Every structure is written in structure tokens, then in C-alpha cells.
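# Summary of the model geometry
Here are the chains, one letter per residue:
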Amino acid sequence: MNSPLPVQARLPLTRRRLLSATGALGLGALLTACGADDDTARAGSGSADDAGRGGPWSFEDDRGRTARADEPPRRIVAFISTAAALHDYGVECTGVFGPSEPIGGKPNPQAGDLDLTKLTSLGRAWGEFSIEKYAALRPDLLISNMFPPPDLWYVPAESVKKIEALAPSVGITGGRVSLRQPLTRYTELAQSLGADLTARKTVDAKARFDRAEKTLRAAAEAKKADGGLKVLAMTGDAEQMYVGVPDSYCDLNYFKDLGVEFVEGEKSDEFGFWEFLSWENADKYHADLIMVDTRSTALPAAELAKRPTWSRLPAVKADQITPWSMEERYSYAGYAPVLEQLAAAITKSRRLA
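So, here is what we can say about the structure in this document. (Residues numbered from 1 in each chain as written. Predicted model: local features only at pLDDT ≥ 70, side-chain atom pairs only at ≥ 80, totals over all residues. Heavy atoms only, no water.)

### Let's talk about the packing of aromatic side chains
Counted by the stated rule, this structure contains 19 aromatic pairs. Ring centres of F79 and Y154 lie 5.2 Å apart, and the angle between their planes is 35°; on these two criteria the pair is classed as tilted. Highlighted residues: F79 in strand β3 (residues 76-79) and Y154 in the loop between β6 (141-146) and α5 (160-164), separated in sequence by 75 residues. The pair F79 / Y154 is uniform in exposure class, with both members buried. On the numbers, 6.2 Å between centres and 15° between planes, the contact of F209 with Y254 is stacked. You can see F209 sitting in helix α7 (residues 200-225) and its partner Y254 sitting in helix α8 (residues 250-257), a full 45 residues away along the chain. As far as burial versus exposure is concerned, F209 and Y254 are alike and both buried. Within the aromatic cluster, the residues linked to one another by ring pairs are F79, F97, W126, F129, Y134, F147, W153 and Y154. (Phe/Tyr/Trp six-rings, centres within 6.5 Å; stacked < 30°, edge-to-face > 60°. Helix = DSSP H or I, 4+ residues; strand = E, 2+ residues; numbered from the N terminus. Buried < 20%, exposed > 50% of the residue type's maximum accessible area, 1.4 Å probe, protein only.)

### Points about the side chain of Q320
Residue position: Q320 is located in the loop between α11 (314-317) and β13 (321-324). Within the structure, the side chain of Q320 is placed 2.5 Å from the backbone oxygen of D288, a separation counted as a polar contact. Filtering out sequence-adjacent residues up to four positions away, Q320 remains in contact with D288, L289, I290, A315, S349, R350 and L352. (Polar contact = N/O pair within 3.5 Å; in protein donor to acceptor, adjacent residues only side chain to side chain. Contact = heavy atoms within 4.5 Å.)

### Points about the packing of α8 against helix α12 (residues 332-348)
Relative to each other, α8 and α12 sit at 55°, their axes nearing to 13 Å. In terms of their interaxial angle, α8 and α12 are classed as oblique. Crossing geometry of α8 relative to α12 is assigned as right-handed. Contacts from D251, Y254 and F255 of α8 reach α12 at Y335, V338, L339 and L342. Grouping the amino acids of the contact of α8 with α12 by side-chain chemistry returns six nonpolar, no polar and one charged. (Axes fitted to C-alpha atoms, helices over the stretch in contact; angles between N-to-C directions. Parallel < 35°, antiparallel > 145°, perpendicular 65-115°, else oblique. Left-handed = near helix turned anticlockwise from the far one by under 90°. Nonpolar A, V, L, I, M, F, W, Y, C, P; charged D, E, K, R; others polar.)

Here it is, written out as C-alpha cells:
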């Protein structure tokens, strides 16, 4: 897999060690509000009406492949945050794969509002995907993200042919595009699977997202007018600190569009998602606010604090740190709180000398 997210792939398990390493608004109204461009988002050919009638179903994904079935899929297996995004639209999955274990005694944020006790897990760690469990679920459809295409996130490359022989698959791009694209694509996918886009929960989530977007834009503009505020997005493992390359991540890319000023990490490898720094060089960049990866695979706060170079960073000393939900579910319900949190962090942070 060519991934962005895991810094994981340089060691045996896969390309890189698992990072610490990865009212009534119809679809048209949602797309307009989201600002999606026709040339960046393909509409799924299935519809909510088709799903309700149980007629033929199809959906063209971001690989240009069209998944087809005689009727809308019901037994869906998906990457954990994908399942969480679909759940926000009222579309339920049967099985999941990817990190879902609690973090620090709290629910894993990648699982969103899912009730994990009702779902079969095919594996939580990078490289774990039980084909036997998958086959036993008699899947109608497999869905995952891509960073970037054509590899499906957390689907082992060595087993992909066996896995895809069991059911059609759909991949949605989450790298090197704006967040607006996967948000739009998951809305389309959910609708094709039977989601009611006029449901109060869905309409309210989109309205909250729109308000949060305006709040973040205003916060970024206010800091820019006051001399600027540099934001750095990072993750880490025992050996290195990884600085995000903003244009490679859909959320950072989108935040930049809203006016957030990022430290621009330099691409360290062909995947182009990170700049790798030894902990001794953690102070290479000045940052006024640091976004810290919250995934279970990232170095936790207690371990970060043990590294002297981290503790000496101006933003760390000033407690200008905020969580980075770098694999948040691609739904308006999932991202509204993310925008609100970042806006609050930017507002309360000050420019550091």
C-alpha cells in the first residue's frame, strides 16, 4: 500500500511500521453547500429510492471501478472509520477492520458512535485481516479509504485478490485532495445504500458543520490579522517525530483553504506524507500551536513528555497543543466537532517568540 498515514511502512510488517506509525436537504443541496466540483467527485449511480425498492445497485468509486449488485448491499464490511461515517447516515455495517481498541480507557475516536459489541472485527492491527471471518459474514460489499488509490486502507496487499473475490469493493480517496471530496463521496455512497439525506440527524449535522467551518475561518483570519499563528501537525514513534505535509492530508489541505497557516513539512520519501525527524531535531521548525496525532498507533502524551527536545518546544511549554484526529470518519457529524476544536485552539493560542 502506498500510504500516507502510517509512517509504518519501512519495517517488515508492511511498508512502514504502523504509525505510530493511519428540513429537507437532498443530495444536491448537500453537494452545493459543500462546494464539491463535478470533476472531483463522481456520483454513485445507486439512489436511496433504488435502495428502498431493492433494485439493482451500482457505485463508481475513486479508482474508477464500478461495484455492482442485484440489490443494494446489506452485509457491509468496512474500515472502522468508514463504518462510523456510514453509521452517521443510518447505514449499518456487519463487520469492521482497523484500530477500534479503547485509548487511555476511552472509546477509540476512529469508531465514532458505533456500538462495537454488535460488529465482528476482522482484525485491529496493521496486516491483520481475517479472511475466514470475512467469508463467514457472507459479505455483499467491502469499503475502505485510500491514501491514495488504488490500495484499500488496512486491506493486506498480499491477500487482496482473495478478499476481493468474495465481494465487490469500494475505495474512497482521503489523500492529496480537500476534505470536501471524501465528505461528498461518503454522502453519495450512503445515499446509494439507502440513507435518508433529509433525516433530521443528517440535516442537523450538516448545519453544525457549516457553522463550524465559518467559526474556524473567522478564527484563522483573526490570527492572521494579529500577526499570524503557525500550526504544525505531527505524530511520533520511539525513534522519530513525523511532521505532516499539509497538502497530502485532506483535512490539513482543507484547513489551509480556510486560512490556517501550517508549517510545511518536507517530503521524506516517495509517499510524500511526512518529513521524518530524529527526536534530536524536533525543534527544526517553529510552531505556535501543535496538532498531535490521537490514534492508538501514535506515541501517547506520556511518552512524548519523556523526550527532552519535545518538552522544550515553545508550543509545548506554552501548553498550546491540540488533538489531531487524522483519521476521523468522513461525515459531517464526525468533522463538525473537529473544526470546532481547532477553532477554539487557534483562538486561545498566541504567537510565540
